[in-house]
Amino acid sequence: MHLSVIQFETLYNDKAKNLKKISDYINDINSEILVFPELATSGYYYTDRKVLKTIAEESDSSTIKHLQKLSTSLNKIIVFGFPELFENRIYNSAAIIFPNPELSTTYRKTHLFYKERFVFEEGDTGFTVIEYNGLRLGTMICYDWRFPEAARSLALDGADLIVCPSNLVTGVWQNVMSSRALENKVYMAVANKIGIESNNGDILEFNGESAIYSYDGSYLAKASNNCEEVITAEIYPKKTRDKSFNEINDIFKDRRPQFYK
Ligand code: ACM
């Protein structure tokens with residue numbers, strides 16, 4: 001099973017161009033799983049809710065329906081971030097689209113970063129794992145990485161692969177993502193964006209380095225810090241399921257949750 005992560009410069013407040021780019025990548029890349037960055041349809045740095053609302057969309061919007069059709073016809077799992085409008089609230093969400101539309105769903109970012117708090121609601125979906133075609137897929141978004149509970153919850157629920165659409169702005173996450181993969185024995189895929197966005201003189205720089213990590217924490221593929229590019233790796237979901245690492249220790253069976261907060 002092949003997994004591709006698409007690192008690109010999302011254009012600010014230009015859904016049509018971002019969507020064209022996303023659709024072209026879906027048509028061109030020959031992998032069963034495609035992961036795009038956080039807020040891939042809209043760009044990231046919004047501080048005015050009224051502006052964000054003009055580009056936010058419901059989870060059954062024409063955009064999502066279009067990508068669902070592509071997913072079904074090409075038999076690909078597609079994950080991408082978008083601003084989700086729901087009953088006058090806006091969530092920083094990921095659409096998780098499976099060829100079988102009944103499985104398709106939305107994850108709403110649990111932990112909001114920086115000025116996201118001005119425009120988004122805190123996510124209320126929690127973390128879920130969905131199985132399709134022998135793959136158990138879990139999703140978190142960007143800043144969720146700072147909370148080991150996010151990846152751990154998904155792993156305890158059986159995820160083989162955790163995808164993480166991102167718009168990362170620091171240089172501290174790389175080793176931690178690798179640890180999340182190792183400590184949970186799961187594959188991890190981080191789709192970051194590149195480029196710069198500014199808002200009232202406040203500048204955010206997105207430094208790419210999108211990555212696919214194996215379940216031992218090693219890199220299977222890694223992107224540059226400034227180019228639009230696609231990275232791909234082959235994954236074997238079932239290999240993540242035996243959580244032992246020698247004849248005595250098993251990272252899940254050895255847990256002592258009664259001593260954890
Ligand atoms: C982030 O959560 N976009 C850093």
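Look up a bit, the structure's there.
These figures come from a predicted structure and were not determined experimentally.

A.B. asks: Would you mind showing me how to read helix α1 (residues 15-28) here?
C.D. replies: Every α-helical turn comprises 3.6 residues, leaving residues that sit three or four positions apart pointing alike. Over its 14 residues, α1 runs 20 Å from end to end, which matches the ideal 20 Å to within 8%, given 1.5 Å per residue. The set of residues buried in α1 consists of Asn18, Leu19, Ile22, Ser23, Tyr25 and Ile26. Projected down its long axis, α1 carries its buried residues within an arc of 160°, all on one side. Opposite the buried face of α1, at more than 90 degrees from it, the exposed residues are Ala16, Lys17, Lys20 and Asp28. Elements that come into contact with the buried residues of α1 comprise β1 (2-7), β2 (33-35), α3 (62-74), β3 (77-86) and β14 (229-234).

A.B. asks: Is there a simple way to think about the sheet that holds strand β5 (residues 105-108) in this case?
C.D. replies: Sheet strands pair via backbone hydrogen bonds, and the direction of the pair is either parallel or antiparallel. Taken in spatial order, the 6 strands line up as β5-β4-β3-β2-β1-β14 in an open sheet, and their pairing is mixed. Since the sheet does not close on itself, it has two edges, and those belong to β5 and β14, each with one partner. Taken pair by pair, the neighbouring strands of this sheet meet at an average axis angle of 30°, ignoring direction. Relative to β14, β1 is paired through 6 bridges, and the arrangement is antiparallel. Directly across from Ile6, in β14, lies its bridge partner Val230.

A.B. asks: What's the story with the layout of surface pockets in this structure? I'm lost.
C.D. replies: Rolled over the atoms, a probe as big as a water molecule pinpoints where empty space is left. Taken as a whole, the largest pocket holds about 210 Å³ of empty space. Sorting the residues of the lining of the largest pocket by element identifies α5 (148-156) and α6 (173-184) as the ones contributing at least two each. No other element matches the 3 residues that α5 contributes to the lining of the largest pocket. Residue classes in the lining of the largest pocket are distributed as 2 nonpolar, 1 polar and 5 charged.

A.B. asks: Explanation requested: unusual backbone geometry in the structure shown.
C.D. replies: As a rule of thumb, non-glycine residues mostly have phi less than zero, and peptide bonds are mostly trans rather than cis. If you check the backbone angles, Glu87 has positive phi at about 45° while not being a glycine. Structurally, Glu87 can be placed in the loop between β3 and β4 (89-97). Residue Glu87 is classed as exposed on the basis of its relative accessible area of 56%. In this structure, Asn133 takes a positive phi of about 55° despite not being glycine. Structurally, the position occupied by Asn133 is in the loop between β6 (129-132) and β7 (135-139). For Asn133, a relative accessible area of 57% puts it in the exposed group.

A.B. asks: Explanation requested: α3 in the structure shown.
C.D. replies: Its 13 residues place the ends of α3 18 Å apart at the C-alpha level, agreeing with the 18 Å of an ideal helix rising 1.5 Å per residue. Against α1, β3 and β4 lie the buried residues of α3. Trailing α3 by a residue or two, Asn75 shows a phi angle of about 60°, which is positive.

A.B. asks: I keep staring at the sheet that holds strand β8 (residues 161-165) and nothing clicks. Help me out?
C.D. replies: A sheet is described by the order of its strands in space; here 6 strands give the open sequence β6-β7-β8-β9-β12-β13, paired in mixed fashion. With partners counted over all chains shown, the strands left at the sheet margins are β6 and β13 (219-222), one partner each. The mean angle between the axes of side-by-side strands here comes to 20°, regardless of whether they run parallel or antiparallel. Taken together, the 3 bridges between β7 and β8 define a ladder with parallel strand orientation. Residue pairing across strands places Leu137 opposite Leu161, the latter belonging to β8.

A.B. asks: Quick question: what am I supposed to make of the environment of Leu67 here?
C.D. replies: With respect to the secondary-structure elements, Leu67 resides in helix α3. Looking at Leu67, the relative accessible area reads 0%, which means it is buried. For the pair formed by Leu67 and Ala95, sequence separation is 28 residues and the distance between their alpha carbons is 9.6 Å. Contacts of Leu67, omitting those with residues within four sequence positions, involve Leu19, Ile22, Ser23, Ile26, Ile78, Phe80 and Ile97.

A.B. asks: Could you clarify how one ought to interpret the nonpolar core in this entry?
C.D. replies: Nonpolar side chains tend to gather and get buried jointly when the protein is soluble and globular. Counting residues in each nonpolar core, the largest one holds 47 residues, and the members touching the most others are Leu137, Met140, Leu161 and Met177. For this core, the leading source of residues is strand β9 (residues 187-191), giving 5 residues. Within the second largest apolar cluster, 18 residues are counted, among which are Phe8, Tyr25, Leu34 and Ile97.

So, how was this worked out
- Residues numbered from 1 in each chain as written.
- Predicted model: local features only at pLDDT ≥ 70, side-chain atom pairs only at ≥ 80, totals over all residues.
- Heavy atoms only, no water.
- Helix = DSSP H or I, 4+ residues; strand = E, 2+ residues; numbered from the N terminus.
- Expected span 1.5 Å × (residues − 1).
- Buried < 20%, exposed > 50% of the residue type's maximum accessible area, 1.4 Å probe, protein only.
- Arc of directions from axis to C-beta.
- Contact = heavy atoms within 4.5 Å.
- Pairing = 2+ DSSP bridges.
- Axes fitted to C-alpha atoms, helices over the stretch in contact; angles between N-to-C directions.
- 1 Å grid on protein atoms, 1.4 Å probe; cavity = no way out; pocket = protein on both sides within 12 Å on 5 of 7 lines; lining within 4 Å.
- Points joined across faces, edges and corners; volume = space filled by probe spheres on them.
- Nonpolar A, V, L, I, M, F, W, Y, C, P; charged D, E, K, R; others polar.
- Core = buried A, V, L, I, M, F, W, Y, C linked by side-chain atoms within 4.5 Å.

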